[in-house]
Amino acid sequence: MGCFFSKKSKRKSSEKQERTPTSTTVETTTSNAVPLGNNTDEAAPKQYSWDKRDKVDPKDYMLTGLKGVTAGRLPGKLNGQQFVIQECENCDIFVFDHSATITIDDCVNCRVVLGPVRGSVFFRDCKDIKCVVACQQFRTRDCKKMEVFLCCATQPIIESSTGMKFGCFQYYYPELAFHFKDAGLSIFNNNWSNIHDFTPVSGETNWSLLPESAAVLESVPAPDSESDFKSVRISADPGRSIVPLTKGGRRKDSEESCLFVFFAGEYTTANARKMIDEATAKGFVLIQTKEVSMRPEDVKRVFQNNAEDLVEWITKGPVIALELNGDGVVEACKNIASEVFSGTKVFVSDNKNTSCRDVDSFFNFADMQMGL
């Protein structure tokens, strides 16, 4: 089945309260009690750890009512807090930081870049939006005409939304890899093309995939040289993107695919990126990627006859799997594995007659594991 290479991976006012980021302010209380004994001096107020923390100003965690401006947050300004964007029009918004959740309400004709979000990104009552988003969950409700370059760990959901177009996340800025880690997101778990339409209309298509040639910077331009964000060195070159560019749900060019799996180790992520570079340089196409944990019983079900040699390796951490596509891809991947990764534990499909079964077996397991 496979071979191995190893030397020994809108609501309006009624919803405003919901849309405002929560913050907790604790008032310091002092005691007027006189201590026991002969000391009649007033006792000093007890200091608690929360009294020493900086108070949170909700205004620091929201953008509201802006028109025709460039706004957002630079790296280090949010540090995992939640964020709100509402009632903005014709704006360029850049959030170059990781956050807990982000809601975007009643915005029109805006270009938006959102750094990694640990929880959900929720667009409501928005129109003519072009955005770059990385998150755990992506949702839209009552939205029209959006272009989304997306990295989403779960299945993206649209509701009562039309004219939605999706492409694969392609973006880079120097802190982005750290922000992905801080947000608890894997760059290899990206379900950008697996859209669930919660309110489908018979005979109509509410969403589609952007052309493979779609360029991020044509939809969401980089910050202009006069803005506060000019110092952030961004790139939308697919070759520099933190998230690997995948073909996703688009039609495959070849009937031959290959499963390539890296087992946990010190350089698993770097090795997976190098493998993608090696294969795409030879003209093969990356279809999908996954990073998941496995149990011994999962190994036996997925890898079948080759499971015995792999059980000990899955205890070391999650595996990273790649589906590569193109005529001759299996033989090419086997050659790359032996020439480039001879000292690394990997699984690669053994022949093109069984390789599609390898791919289906692993990615069906991974989707079930992730609740997709």
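What you are looking at is a predicted structure, and each value in this text was computed from that prediction instead of being measured.

## A short note on the overall build of the chain
Here comes step 1: The number of helices and strands found in the chain is eight helices and 17 strands.
Here comes step 2: When the accessible area of the chain is evaluated, it comes to approximately 18,500 Å², of which 46% is carbon and sulfur surface.

## A word on the pattern of salt bridges
Here comes step 1: Under the counting rule described, the total for this entry stands at 13 salt bridges.
Here comes step 2: Between Arg295 and Glu297 there is a salt bridge; the shortest N-O distance is 3.6 Å.
Here comes step 3: Note that Arg295 is salt-bridged to Asp298, the shortest N-O span being 3.1 Å.
Here comes step 4: Look at Arg295 and you get partly exposed, because its relative accessible area is 45%.
Here comes step 5: When salt bridges with common partners are traced through the structure, they connect Arg295, Glu297, Asp298 and Arg301 into a single cluster.

## A word on the nonpolar core
Here comes step 1: By size, the foremost hydrophobic cluster in this structure holds 48 residues, and its most contacted members are Phe96, Phe169, Tyr171, Phe180, Phe260 and Met275.
Here comes step 2: For this core, the secondary-structure elements that each account for two or more residues are strand S8 (127–141), strand S9 (144–152), helix H2 (176–182), strand S14 (257–262), helix H4 (268–281), strand S16 (319–325), helix H7 (329–340) and strand S17 (346–349).
Here comes step 3: The element that contributes the greatest number of residues to this core is H7, accounting for six residues.
Here comes step 4: Of all hydrophobic cores here, the second largest spans 36 residues; its members include Phe83, Cys107, Cys110 and Phe123.

## What to know about helix H8 (residues 352–369)
Think of an α-helix as turning once every 3.6 residues; residues three or four places apart then point the same way.
Here comes step 1: In a regular helix each residue adds 1.5 Å, so 18 residues correspond to 26 Å; H8 covers 26 Å between its end C-alpha atoms and thus fits that length.
Here comes step 2: Those residues of H8 lying buried are Thr354, Ser355, Asp358, Val359, Ser361, Phe362, Phe363, Phe365 and Ala366.
Here comes step 3: In this structure Asn351 caps H8, since a side-chain oxygen of it lies 2.9 Å from the backbone nitrogen of Asn353.
Here comes step 4: Note on H8: the residue one or two positions beyond its end, Gly371, has a positive phi of about 70°.

## Description of H4
Here comes step 1: Its 14 residues place the ends of H4 20 Å apart at the C-alpha level, agreeing with the 20 Å of an ideal helix rising 1.5 Å per residue.
Here comes step 2: Of all the residues in H4, the buried ones are Thr268, Asn271, Ala272, Met275, Ile276 and Ala279. Along the axis of H4, the buried residues cluster in a sector spanning 140°; they form a single face.
Here comes step 3: Note on H4: the residue one or two positions beyond its end, Gly283, has a positive phi of about 95°.

## Quick word on the environment of Phe365
Here comes step 1: Along the polypeptide, Phe365 turns up in helix H8.
Here comes step 2: The spatial distance from the C-alpha of Phe365 to the C-alpha of Val292 is 9.5 Å, given a sequence separation of 73 residues.
Here comes step 3: In contact with Phe365, not counting residues within four places along its chain, are Val292, Ser293, Met294, Asp298, Arg301 and Val302.

## Remarks on unusual backbone geometry
Excluding glycine, most residues fall at negative phi; most peptide bonds, likewise, are trans.
Here comes step 1: One non-glycine residue, Asn109, lies in positive phi territory at about 55°.
Here comes step 2: With respect to the secondary-structure elements, Asn109 resides in strand S7 (residues 108–124).
Here comes step 3: Assessed through its relative accessible area of 33%, Asn109 is described here as partly exposed.
Here comes step 4: One non-glycine residue, Asp128, adopts positive backbone phi at about 55°.
Here comes step 5: Along the polypeptide, Asp128 turns up in strand S8.

## Digging into the packing of aromatic side chains
Here comes step 1: Considering all chains together, one arrives at 15 aromatic pairs under this definition.
Here comes step 2: Judged by centre distance (5.0 Å) and plane angle (35°), the ring pair of Phe260 and Phe262 falls under tilted. Neither Phe260 nor Phe262 differs from the other in exposure class; each is buried.
Here comes step 3: On the numbers, 6.2 Å between centres and 65° between planes, the contact of Phe260 with Phe341 is edge-to-face.

## Observations concerning the environment of Ile287
Here comes step 1: The residue Ile287 is located in strand S15 (residues 285–292) in this model.
Here comes step 2: Through-space distance from the C-alpha of Ile287 to that of Leu322 is 7.7 Å; in sequence the pair is 35 residues apart.
Here comes step 3: If sequence neighbours within four positions are ignored, Ile287 has contacts with Thr246, Lys247, Gly248, Lys252, Glu323 and Asn325.

## Side note on the pairing of strand S6 (residues 102–105)
Here comes step 1: Side chains of S6 alternate between two faces, with Ile102 and Ile104 and Thr103 and Asp105 buried alike.
Here comes step 2: One ladder, built from four bridges, connects strand S4 (residues 83–86) with S6; its direction is parallel. Residue Gln86 lies in a different strand from S6, and its bridge partner there is Asp105.
Here comes step 3: Pairing of S6 with S7 involves four bridges; the strand directions are parallel. Within S7, the position partnered with Ile104 by the bridge is Phe123.

## Details of the environment of Ile85
Here comes step 1: Here Ile85 shows up in strand S4.
Here comes step 2: Classification of Ile85 by relative accessible area gives buried; the value is 0%.
Here comes step 3: Residues Ile85 and Gly72, spaced 13 residues apart in sequence, show a C-alpha to C-alpha distance of 9.3 Å.
Here comes step 4: What Ile85 contacts, discounting residues up to four positions off in sequence, is Leu63, Ile93, Ile102, Thr103, Ile104, Asp105, Cys107 and Leu114.

## Examining the pairing of S9
Here comes step 1: Here S9 lies mainly inside the structure; seven of its nine residues are buried.
Here comes step 2: Bridge analysis of S8 against S9 gives eight bridges, and the strand direction is parallel. When the bridges of S9 are listed, Val132 appears paired with Phe149.

Conventions adopted
Residues numbered from 1 in each chain as written. Predicted model: local features only at pLDDT ≥ 70, side-chain atom pairs only at ≥ 80, totals over all residues. Heavy atoms only, no water. Helix = DSSP H or I, 4+ residues; strand = E, 2+ residues; numbered from the N terminus. Areas by Shrake-Rupley, 256 points an atom, 1.4 Å probe, with all protein chains shown as cover. Salt bridge = Lys/Arg side-chain N within 4 Å of Asp/Glu carboxyl O. Buried < 20%, exposed > 50% of the residue type's maximum accessible area, 1.4 Å probe, protein only. Core = buried A, V, L, I, M, F, W, Y, C linked by side-chain atoms within 4.5 Å. Expected span 1.5 Å × (residues − 1). Polar contact = N/O pair within 3.5 Å; in protein donor to acceptor, adjacent residues only side chain to side chain. Arc of directions from axis to C-beta. Contact = heavy atoms within 4.5 Å. Phe/Tyr/Trp six-rings, centres within 6.5 Å; stacked < 30°, edge-to-face > 60°. Pairing = 2+ DSSP bridges.

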